[in-house]
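# Report on the structure
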Amino acid sequence: MGSQMSLFGLHCLKGKEKEEERRIRANNREYNQLHKYATNAIKTSKYNMFSFLPLNLFEQFQRIANAYFLFLLILQVIPAISSLSWFTTVVPLVLVLAVSAAKDGSDDINRHKSDRQVNNRKVKVLLNGELRTEKWMDVQVGDIIKLENNHFVTADLLLLSSSEPLNLVYIETAELDGETNLKVRQALTITGDMGHNLEMLSAFDGELRCEPPNNRLDRFTGTLMFQGQKFSLDNEKVLLRGCTLRNTEWCFGLVIFAGPETKLMQNSGRTTFKRTSIDRMMNALVLCIFVFLVFMCTVLAIGNSIWEQQQGDFTTFLPRQDGVNAAFSGFLTFWSYVIILNTVVPISLYVSVEIIRLGNSFYIDWDRKMYYARSDTPAVARTTTLNEELGQIKYIFSDKTGTLTQNIMTFNKCSINGKCYGDVFDYSGQRLEMTEETEKVDFSYNPLADPKFSFHDHSLVEAVKLENPEVHAFFRLLALCHTAMAEEKTEGELLYQAQSPDEGALVTAARNFGFVFRSRTPETISIVEMGIQRNYELLTILDFNNVRKRMSVIVRSPEGKLSLYCKGADTVVYERLHPSCSKLMEVTTEHLSEFAGDGLRTLALAYKDLDESYFESWRQRHHEASTALDDREDKLDELYEEIEKNMLLLGATGIEDKLQDGVSHTIEQLSRADIKIWVLTGDKQETAENIGYSCNLLREEMSEVFTVAGTSPEEVRQELRTARIKMKPETGEGNVTIEGEGEILGKKSKLVQDEAVNGEYGLVINGHSLAYALDKTMELELLRTACMCKTVICCRVTPLQKAQVVELVKKYKRAVTLAIGDGANDVSMIKAAHIGVGISGQEGMQAVLSSDYSFAQFRYLQRLLLVHGRWSYLRMCKFLCYFFYKNFTFTFVHFWYAFFCGFSAQTVYDEWFITLYNLVYTALPVLGMSLFDQDVNDRWSFQYPQLYVPGQLNMYFSKTIFAKCVLHSGYSSLVVFFIPYAAMYNTVRDNGKDVADYQSFALLAQTCLLIAVCIQLGLDMAYWTAVNQFFVWGSLAVYFAITFAIYSNGIFLIFTSSFPFIGVARNTLNQANVWLTILLTTILCVLPVVAYRFLLMQLRPTINDKVRFKVRQTKASPPPPPRRARIRRTSSRRSGYAFSHAQGYGDLVTSRRFLRRAPVSRSTAFSPTARSPGKFLPTGRSAGYSPTGRQSNLRQDETSLQMYRAVKDPQI
């Protein structure tokens, strides 16, 4: 299907009033057509056969460069001012327009094909009681359609029924949110009863009222009136266009939004077009060049007027036209020289830049060293306009989970009722380091265990087998409190489909320790507890969201006991615990701090027994709130807060999220390149801080790591100011230093000056404090303090805050920013930065779809920047310097010649040389340099990351460098003009005939020019390849071949007026003094450049000069850079866990729908002896351990939860 969001433009309906509420009647086209809802046809193409040429030309001439050259062409067709033939401008202009038109036309043809392909897809529509195959474009709002497995969803649909039990359907939403894991949707019970009965479906006359078309992918609000009843509708009942039906034989749906009104199409806004700083600088320079061009033309026009007045003898044989005096002649001359000198900004410049960027993008796509074989993921340059910007990055903003870490979770440790499990101790009581050789727990006694799961602490298994009530309650909670789906294709082989890796790890842990989540219906959860099948009635799911940071379930046990189970971020859960848990909270908090020292992600677990009468009252109010059309979420949140109080703490979990390969080394390399890395994460402060230490963002040798955790604006301001004064005491209470106004990527802003500090510092700030710090009155204080630090870690930040931090740096720093992430919560940050990089990770592809560059591993970032980025920047800068040099030299020769031709606007070169100079003679050599040149290879680039620093400082191309190019061109043009002029003045041939005719001088000057600029190119090129050799020597050979061809007798006889230089090449280039003049001119052009560069290299060598000298000395590849040894830390910091759930799964499994299919008969899968404590001989430190001192064994009819009580032992 392709990426519909990228191809489908937003189609706006014209002449239609704003829709306040949508009303739809099923199977009633006449009624629905009265509202003039959009059909399902889409149109994303821009042109048709008749509008292509005028519209495309109109768009192209909106570009200043194209309009400028069109203006020149108009001037050239005016005989009174044109001394150049029209083809000198028409040929390059037509070529550029044709290439652009071909590209635009090709893109639009593809859009037409995509439109036709999508609009002509077939779908089964229920019309007049039978299923008919119709095209997508003919589907209308209110139609009932049938989808089959692996079919794309035709339009936004209300799910009516499906082939699966419980009316579930599985969909893939990669086109919408980038997530590749399957999502579950469920139909209402009343519509699900219709099944595949076409008569019932045809008779369905429900009336749907819902929100108008909008772009909210994660939200839908509506109601369905059917058979006198009102049913609430939300996002879990809707299938959106762009989804794909998976693992579902068929389903029926009612069309709600069609075509351009679907949520997919409503989201098809234009992506912001990013441009590089070099682009912006080049635009400014081009404007300066135009001003300079006007200045030169004015000087020459004044010269013409003076000449006309003082030297009028020529009027006897070249009389003026009527009404033309000296002043008017100067006016005409001004426009003539505008035409002649226009080559200071050739149109080929823009074409060459795009070719170079495209080539360097291919290098990224083709780089095998950025290919991740495990997931078959290559690096992709999703844009071709930002390559050189990769060589100028100063600030990197990175997500943590899935970017620095793998986002593959493993259950490592837990704390249950005040006891910590997960560590392994030797006989002396010393904690052992976990290795591959460490003995693992044998779960063979559990046939339903996951063979991939590993755990090392045998004492936890012993506690489970001894039927410790708190341990059983702990794992029972993990087996019940989740939204995972279980799939059992064969007996005993379970596959969990969890919406987050964390939840999957917790459910799998419970499974291995004997509490196996087996299956679920909307009303029940079936688990196997130590070999016994138990069915819990699922009454309510209190769903997770970003504000609650927790989820709860309310279940009724087989014995009829009502219980609420809750898991969530520890601070959130702690606030809702019963006061009797205070002692247990202290112990559990210590364990959480230990988990933080290992960088684990944590959850707190709690439960609560409920009174039956209270719950029935609460349940009624919950139903009313869930069906409310207004403020539904706020009302539900209030009810959730009411019931989640006075819970009892069970313990906490510690899940490991391992670092990706090479993260530490990559961060160290980027730091050596003077790139500052800021981590913006939703994790808690302590977890993020410990990950920062483990990946070398924070280091023990840092002077200090500041923590900002103020709870008021005044506290935050004081903490930031205190940190700043510690780093640089002399700043005192002074205000922020503003350098003045600058331009960063075209946006004017005030710039905050960088402040140097002694030592390296780190800054950690949490999201609550960051909200205050980002206020306009404090943002400069935050920026000033943060920019003094080597590393900044922002914790518990929202996606909006991530973007705000990036925007803050962009606003006040003259620096290029890069944001890298892998999840949907990183999209705003990726779009806000100058360059966005997406990682193909565990959290889906949303970040990749919004990025400029993408790859599979964080470690590839160093190659993207230090190799591809630096080379691209270096090549682009060399290209621009050389391009301006060769064209200014070419143009200045015209300027000098004007003083010797009476300012008559005569050209010094042959017109064909003027036409072919940029298109043929000098095009390929400079492209070869710009595509293949490199100062040192990639291994030396990694060995010396400091080579990256000049790009950050704009040392290779700036206004100063441009001014030097202009001066260099001025000198070369003087040599190219005056040396041949002096050499040919009063000179005769070997036969005594005169040499100094205009055509011979033109040929000599243009030959000297071409050879001089080619040699200059050779001096600029640091890396010669066979392609470069071919381009340089081939261009010179082509020049001489074309010159002899167009100056021959045969071409003159065919096109007499167009090729007047008959015989000049063979008559001039056979003279020895001509070649000596070419040699002398070339030496004088090159000699000062060589001398200047030699002295500069000796007196003030750059880092590039030093490394290249070392390369020449070694003549071999450098040894691999030493890797920093990872330092294992112990920490007492409190840890936290950013819950990675997505909102909306809670109500999915509570629709009160019984199974239509008989479940697969299952055995308990446990041998009776596995549960019998009499046959189990415990060993180890936890044998017989019971924190409450109660009997470990349980009666068969008594649950662990019933025996659990609040901890009151003062020793704990």
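The model shown is predicted, which means the values in this text are computed figures rather than measured ones. Counting restarts for each chain: residues are numbered from 1 in the order of the written sequence. Side-chain atom pairs in this predicted model are given and counted only at pLDDT of 80 or more, local residue features only at pLDDT of at least 70, and totals for whole chains, interfaces and linings cover all residues. For side-chain calculations, the full set of non-hydrogen atoms in the structure is used, while hydrogens and water are omitted.

## Topic: the overall build of the protein
We count a stretch as a helix when DSSP gives it H or I for four or more residues in a row; a strand needs E for two or more, and each element gets its number in order from the N terminus. Each helix and strand in the protein was counted, giving 41 helices and 35 strands. Within the protein, the proportion of its 1212 residues that are buried is 57%. Across the protein, every contact between residues at least 6 apart in sequence was considered, and the portion connecting residues at least 24 apart equals 75%. In these tables, accessible area is a Shrake-Rupley quantity obtained with a 1.4 Å probe, and a residue counts as shielded only by the protein chains included in the view. Of the roughly 51,700 Å² of accessible surface on the protein, a fraction of 56% belongs to carbon and sulfur atoms. Relative accessibility thresholds used throughout: buried, under 20% of the residue-type maximum; exposed, over 50%; partly exposed, between the two (1.4 Å probe, protein chains only). Any two residues whose heavy atoms approach within 4.5 Å at even a single point are treated as in contact.

## Regarding the sheet that holds strand E14 (residues 380-381)
Between any two strands, pairing holds if DSSP finds at least two bridges. Pairing in this open sheet of nine strands is mixed, and the strands run E14-E35-E34-E33-E15-E27-E32-E31-E28 from one edge to the other. Unpaired on one side and paired on the other, E14 and strand E28 (704-708) mark the two borders of the sheet. With four bridges joining them, strand E15 (residues 393-398) and strand E27 (residues 676-680) adopt parallel strand pairing. Each residue of the ladder has a partner; that of Phe 397, found in E27, is Trp 678. Fitted lines through C-alpha atoms serve as axes, helices being fitted only where they are in contact, and the angles separating the N-to-C directions of these axes extend from 0 to 180 degrees. Sheet strands in contact with helix H25 (residues 799-812) are E15, E27 and strand E33 (816-821), and its direction is about 155° off that of E27. Most of the contacts of helix H28 (residues 860-898) go to strand E35 (residues 853-855), to which it runs at about 140°, and overall it touches E15, E33, strand E34 (835-839) and E35.

## Some words on a negative patch on the surface
Two joining distances apply to patches: 9 Å for like charges and 5 Å for nonpolar side chains (Val, Leu, Ile, Met, Phe, Trp, Tyr), and every residue must have over 30% relative accessible area and no salt bridge. Any Lys or Arg side-chain nitrogen located within 4 Å of an Asp or Glu carboxyl oxygen qualifies as a salt bridge. For the purpose of charge, His is not counted, nor are the chain termini; Lys and Arg are scored as positive and Asp and Glu as negative. In plain terms, the charge of a residue is placed at NZ if it is Lys, CZ if Arg, CG if Asp and CD if Glu. Among the surface-exposed residues, Asp 630, Asp 631, Glu 633, Asp 634 and Glu 638 lie close enough to one another that they form a single negatively charged patch. Counting through the fold element by element, Glu 638 comes out in helix H19 (residues 632-643).

## Re the confidence of the model for the protein
By definition, pLDDT measures how confident the predictor is in each residue, and it falls between 0 and 100. For the protein, the mean per-residue pLDDT works out to 80, and 82% of the residues sit at or above 70. The model gives residues 1-15 a pLDDT under 50, and that stretch makes 38 contacts with residues more than four places away or in other chains. Between residues 1124-1140, whose pLDDT stays under 50, and residues either more than four places distant or in other chains, the model counts 69 contacts.

## A few points about the pattern of salt bridges
Enumeration over the complete set of coordinates arrives at 41 salt bridges. The salt bridge involving Arg 25 is made with Glu 207; its shortest N-O contact spans 3.9 Å. With Arg 25 in strand E1 (residues 22-25) and Glu 207 in strand E8 (residues 207-210), the pair connects residues that are 182 residues apart, well separated along the chain. Linking Asp 234 and Lys 237 is a salt bridge whose minimum nitrogen-to-oxygen distance equals 3.8 Å. Overall, Lys 237 belongs to the buried group, its relative accessible area being 12%. Each of Arg 550, Glu 575, Arg 576, Glu 641 and Glu 644 takes part in one network of salt bridges that share partners.

## A look at helix H33 (residues 959-984)
Helix span is expected to be 1.5 Å times the residue number reduced by one. Taking 1.5 Å per residue as the helical rise, H33 with its 26 residues ought to reach 38 Å, and the 38 Å between its terminal C-alpha atoms agrees with that figure. Looking one or two places after H33, you find Asn 986, whose phi comes out positive at around 55°.

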